[in-house]
Amino acid sequence: MAAPQKGRDYRGFILLSILLGTRRGAWAGHILYSVPEEADKGSFVGNIAKDLGLEPRELAERGARIVSTGRTQLFALNLRSGSLVTADRIDREELCAQSARCLVNFNILMDKMNLYPIEVEIIDINDNAPRFLMEEMTVKITENTAPGVRYPLNEARDPDVGTNSIQSYQLNSNQHFSLVVQTGDDGAKYPELVLERVLDREEEAVHHLLLTASDGGNPPRSETARIQVTVVDVNDHAPVFSLPQYQVSVPENMPVGTRLLTVHAIDLDEGVNGEVTYSFRKITQKILQIFQLNPHTGELSTLEGLDYEVSNYYEMEVQAQDGPGSMTRAKVMITILDVNDNSPEVTVTSVSNLIPEDTPLGTVVALFYLQDQDSGENGEVTCTISENLPFKLERSIDNYYRLVTVKNLDREKLSVYNITLKATDGGTPPLSSETHISINVADTNDNPPAFPQSSYSVYIPENNPRGASIFSVTAHDPDSQENAHVTYSLSEDTLQGASLSSYVSINSDTGILYALHSFDYELFRDLQLRVTAQDRGNPPLSSNVTLSIFVLDQNDNAPEILYPTFPIEGSTGVELAPRFAESGYLVTKVVAVDRDSGQNAWLSYHLLKASEPGLFAVGLHTGEVRTARALLDRDALKQSLVVAVQDHGQPPLSATVTLTVAVADSIPDILADLGSLEPPADPNASGLTLYLVVAVAAVSCVFLAFVIVLLALRLRRWHASRLLQAAGGGLLGVPASQFVGVDGVRAFLQTYSHEVSLTAGSRESHVIFPQPNYADMLISLETCEKKDPLSIDFHECKDEAENIQQAPPNTDWRFSQAQRPGTSGSQNGDETGTWPNNQFDTEMLQAMILASASEAADGSSTLGGGAGTMGLSARYGPQFTLQHVPDYRQNVYIPGSNATLTNAAGKRDGKAPAGGNGSKKKSGKKEKK
């Protein structure tokens, strides 16, 4: 545990100072504590309150706290107990490294002015073991080294200090080495390896030792490193060649650098004594230029080509030598075999490196000479060049060739021609060589500057800053140097009596155009320029391009209100609204214009303020001021309106106008009351909001009741159909197809339409339930089904159907667009019509009606039924004929006509078709039931 090292004298002095009320900037003494490193966080260091002669509560009262500079806070002050504790784990090696003493200084501040120095010594503990920088050390000693020689070893490192640092080194037991430890001025210990006996590499080439470093801690820590002692051999052997002499035969066309042979010598020694190097011995300077010997590998190769015509045999001597100098010798003999090894040579006599692109055809641009040192066919040489060049080869005298132009040159297509001259002899195999020459084409001014486009269009917003760049034109001249240097200019022209150069300028070097004025869209909207690009050739060439500048409109003009104008002499500036005016009455109209264009000139009108809200409304796009409701007696005579006119620019601009509307029946009433008009005391006293809320609630209730009734009717109909299906399940043995036909026709002919009109703004609402349009036969059948759903008497149904009086066709009846027969695509689906809305249902119904009518008319149906059966006998049996089914075609109407389909058989029987109106009424009654 840390203990204070301050005497009672200081405590008494501090206590006396406090009692006397003495306030000083800093305390002259200091308190020293000690704490071991790696102590846990919150470990007790010392009792600050006690050592300062204070009570623990006084530390908090006097605002005691730790102040330190330049270091992480290592300690904390417990104000409740008055003790100093560690704020975190402390590592002495990190704080003080190898210092013998590690002190941490800080101060305790109290009363905002008094400082009390505190010093804490960090006591080292043996928390680190020695460490060698290298786990394995290598020492090389020659085998003839005398005993007693010392070899320094790498020392170990221990970050601890004092007795916890390294105290000793030990070497494992062996016969040849011992260990000596030297101590430096700083107290560090350095181990040295001492040779005790002479080494013999042949006896033991490598010795393995162990070095152990230990510290003096409790308990002690240690670390071990390996030492490898390599015994270096003594040079007691000379190199020996594998062969006494080396022979090789090679062709004369052997490529340069080819390895001819490899000499090899062996030395039994090791290391430097066994490293053998090779070199020539007793050799001429000529051979040194032709052959080379690798001193390390012994490879013999050629430095240049061999030539049988010069020499067909070479003899030389090589030697092998080790490091200390022992050597041996061997002979090398090389025989050259004759082949066609001489390639043709091309010698360029003269060449024109730069020729103008307008050079005439047939001009000689190069002259060169061909030769081959071989004889006979091996010495016959031919020369060729690529075929896609504007040049050709012509043979001159002897072996001279010349290169001439055969096509016009164009520098813009190709400015440099790299020509390869290939010479080939007639040997077997033939040999060839290539020579490269470059010919540059000089430029002539044969191309005018060209613009990428024939014309340009530039769009700039109005109110542009003066001097700003608005566009850049660039013309490209494929020529070079001065012939390609382009300058730009503007052609002279006028605009509104002024020169164009006063509006736009152009940089002659860059082609950048600048606006010299701020353009106004309302003054002019476009201007045409002609830009000229000219090069500096001799003579100069030029080209022109048209530049159209379009000024874009900006929203820089606010709307101007033309009407109403400010009151002038002879006018009142008051608009009149009669007392009897209804909702929508046109009181006046605000007329405004905007000098801008496009959406910047699109105006919208808004009512910003009104003396009585909800009384007037302003048309969004028309500016018409109308009454929003009927005028009431309680409405004030004088109404003030503020109307804003705003455009659609970015940002939008607006203007406002104040309208005064007088509510009176005549002008004399206005003149009599103008002086006494006062705005109502409470503009919000109107009950318009209450009326609107009541109206909306009433309409909502009516609509909700209607929806509930409609759902109830639907559920009732669905329930009835379910009962019918359940009852039909008792018809055992009867095919389902006998009932499917009637139900299917009924489904196609049955349509319900409901129109509900609930308009909040109208004075009345209505609900229309158009009656379903059935065929009379199905009406009768429905009546029969209500009697007994499981037994159908078609005779009884027939009698009832015959008793139905059909009214004549209603001439006022019309099909809606959705009810008109036609293709499926022509149906618009009007919900108020009686024709089936479903496209498929409509087409099926038409097909059934027409087929049945045709069958009934001619009695020759091919659907399997007899005459007059409408093709139903096959479905319902032979006893079911048209006599049991009433004629429903009288209820089928043809659009655009008052005629109905009639039964031809009925006409023959003298039965006139009845009118359709009565039938429809009766059908409607049955539907209600």
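On a predicted model such as this, the values are computed, not experimentally measured, just so you know.

Thresholds, definitions, all that
Residues numbered from 1 in each chain as written. Predicted model: local features only at pLDDT ≥ 70, side-chain atom pairs only at ≥ 80, totals over all residues. Heavy atoms only, no water. Helix = DSSP H or I, 4+ residues; strand = E, 2+ residues; numbered from the N terminus. Buried < 20%, exposed > 50% of the residue type's maximum accessible area, 1.4 Å probe, protein only. Contact = heavy atoms within 4.5 Å. Areas by Shrake-Rupley, 256 points an atom, 1.4 Å probe, with all protein chains shown as cover. Lys, Arg positive; Asp, Glu negative; His and termini not counted. Salt bridge = Lys/Arg side-chain N within 4 Å of Asp/Glu carboxyl O. Polar contact = N/O pair within 3.5 Å; in protein donor to acceptor, adjacent residues only side chain to side chain. Phe/Tyr/Trp six-rings, centres within 6.5 Å; stacked < 30°, edge-to-face > 60°. Pairing = 2+ DSSP bridges. Axes fitted to C-alpha atoms, helices over the stretch in contact; angles between N-to-C directions. Patch = residues over 30% accessible without salt bridge, like charges linked within 9 Å, V, L, I, M, F, W, Y side chains within 5 Å. pLDDT = per-residue confidence, 0-100.

Draft legend 1. Broad picture of the overall build of the protein. Counting its secondary structure elements, the protein contains 14 helices and 53 strands. Expressed as a percentage of the 929 residues in the protein, the buried residues total 36%. Put simply, 65% of the contacts in the protein that link residues at least 6 apart link residues at least 24 apart. Working note: accessible area of the protein is about 52300 Å², and carbon and sulfur atoms make up 53% of it.

Draft legend 2. Broad picture of the side chain of Asp 479. Here Asp 479 is to be found in the loop between strand E35 (469–472) and strand E36 (487–490). In this structure Asp 479 is buried but unpaired, with Arg 411 as the nearest side chain of opposite charge at 4.7 Å. Among the polar contacts listed, one links the side chain of Asp 479 to the side chain of Asn 447, at a separation of 3.0 Å. Once you skip the residues sitting within four places of it in the chain, Asp 479 turns out to touch Arg 411, Glu 412, Asp 443, Thr 444, Asn 445, Asp 446, Asn 447 and Ala 484.

Draft legend 3. Structural detail: the environment of Ala 213. Along the polypeptide, Ala 213 turns up in strand E15 (residues 206–215). Since its relative accessible area comes to 0%, Ala 213 is described here as buried. Note: C-alpha distance between Ala 213 and Ala 156 (57 residues apart in sequence) is 6.7 Å. Not counting chain neighbours up to four residues away, the residues in contact with Ala 213 comprise Pro 130, Phe 132, Ala 156, Ser 168, Tyr 169, Arg 221, Ser 222 and Glu 223.

Draft legend 4. The arrangement of the packing of aromatic side chains in detail. One pass over the full model with this rule turns up eleven aromatic pairs. Centroid distance Phe 241 to Tyr 278: 6.3 Å. Interplanar angle 45°. Geometry classified as tilted. Of this pair, Phe 241 sits in strand E17 (residues 240–241) while Tyr 278 is found in strand E21 (residues 277–281), placing the two residues 37 residues apart along the sequence. By relative accessible area, which is 10% here, Phe 241 ends up buried. With relative accessibility at 6%, the residue Tyr 278 sits in the buried group.

Draft legend 5. Summary view of the sheet that holds strand E30 (residues 391–395). On the basis of which strands lie adjacent, the open sheet formed by four strands has the order E26-E28-E31-E30 and antiparallel pairing. Edge strands, defined here as strands with exactly one partner in the open sheet, are strand E26 (345–351) and E30. Between one strand axis and the next, the sheet turns by 25° as a mean value, whatever way the strands run. Two strands pair when backbone bridges link them, and E30 and strand E31 (residues 400–405) are joined in this way by five bridges, in the antiparallel orientation. Within E31, the position partnered with Leu 393 by the bridge is Leu 403.

Draft legend 6. Layout of the sheet that holds E21. Across the sheet, four strands lie side by side as E18-E25-E24-E21; this open sheet has mixed pairing. Whereas interior strands pair on both sides, the edge strands pair on one side only; in this sheet they are strand E18 (245–251) and E21. Neighbouring strand axes in the sheet, compared pairwise and without regard to direction, differ in orientation by 30° on average. The sheet contact formed by E18 and strand E25 (residues 327–337) spans seven bridges and is parallel. Opposite Gln 245, over in E25, you have Lys 331 as the bridge partner.

Draft legend 7. View of the environment of Ala 610. Along the chain, Ala 610 turns up in strand E47 (residues 604–610). For Ala 610, the residues in contact, after removing those within four places along its chain, are Ser 640 and Leu 641.

Draft legend 8. Spotlight on the side chain of Asp 124. As for its placement among the helices and strands, Asp 124 is situated in the loop between strand E7 (114–123) and strand E8 (131–132). Buried and unpaired, Asp 124 has Arg 92 as its nearest opposite-charge partner, separated by 4.6 Å. Side-chain polar atoms of Asp 124 contact the backbone nitrogen of Val 161, separated by 3.3 Å. Reaching out from Asp 124, the side chain makes a polar contact with the side chain of Asn 164 at a distance of 3.0 Å. Apart from residues no more than four positions distant in its own chain, Asp 124 is found in contact with Glu 37, Arg 92, Glu 93, Asp 160, Val 161 and Asn 164.

Draft legend 9. Region of the structure containing a nonpolar patch on the surface. A cluster of nonpolar residues, Leu 562, Tyr 563, Val 591 and Val 593, forms a patch on the protein surface that exposes about 300 Å² of accessible area. For the nonpolar patch, the elements supplying multiple residues, two or more each, are strand E43 (560–563) and strand E46 (591–593). Along the chain, Tyr 563 falls in strand E43. Note on Tyr 563: relative accessible area 37%, which makes it partly exposed.

Draft legend 10. Highlighting the pairing of strand E24 (residues 313–321). Inspection of the sheet shows E21 paired to E24 by five bridges, in the antiparallel sense. Residue pairing for E24: Arg 281 is matched across the bridge by Glu 317.

Draft legend 11. Quick look at the pattern of salt bridges. Throughout the structure, instances matching the rule amount to 17 salt bridges. Arg 402 is the partner of Glu 394 in a salt bridge, and the nearest nitrogen-oxygen pair spans 3.1 Å. Because the salt bridges share partners, they merge into one network encompassing Glu 38, Asp 40 and Arg 89.

Draft legend 12. Structural context of the environment of Pro 478. On the secondary structure map, Pro 478 appears in the loop between E35 and E36. On the basis of relative accessibility, which here comes to 30%, the residue Pro 478 falls in the partly exposed class. In the structure, Pro 478 is positioned 32 residues away from Asp 446 in sequence and 9.2 Å away in space, judged by C-alpha atoms. Excluding anything up to four places from it in sequence, Pro 478 contacts Arg 411, Glu 412, Asn 447 and Pro 448.

Draft legend 13. Spatial organisation of unusual backbone geometry. Here Asn 538 and Pro 539 are connected by a cis peptide whose omega angle stands at 0°. The topology assignment puts Pro 539 in the loop between strand E41 (526–534) and strand E42 (542–552). With an omega of 0°, the peptide bond running from Tyr 563 to Pro 564 counts as cis. Relative to the helices and strands, Pro 564 is located in the loop between E43 and strand E44 (574–577). Unusually for a residue other than glycine, Glu 38 sits at a positive phi of about 65°.

Draft legend 14. Examining the confidence of the model for the protein more closely. Residues of the protein with pLDDT of at least 70 account for 71%, and the chain-wide mean is 74. Contacts from residues 1–28, a stretch scored under 50 in pLDDT, to residues over four places away or in other chains number 41 contacts. Counted against residues more than four places away or in other chains, residues 677–683, with its pLDDT under 50, gives five contacts.

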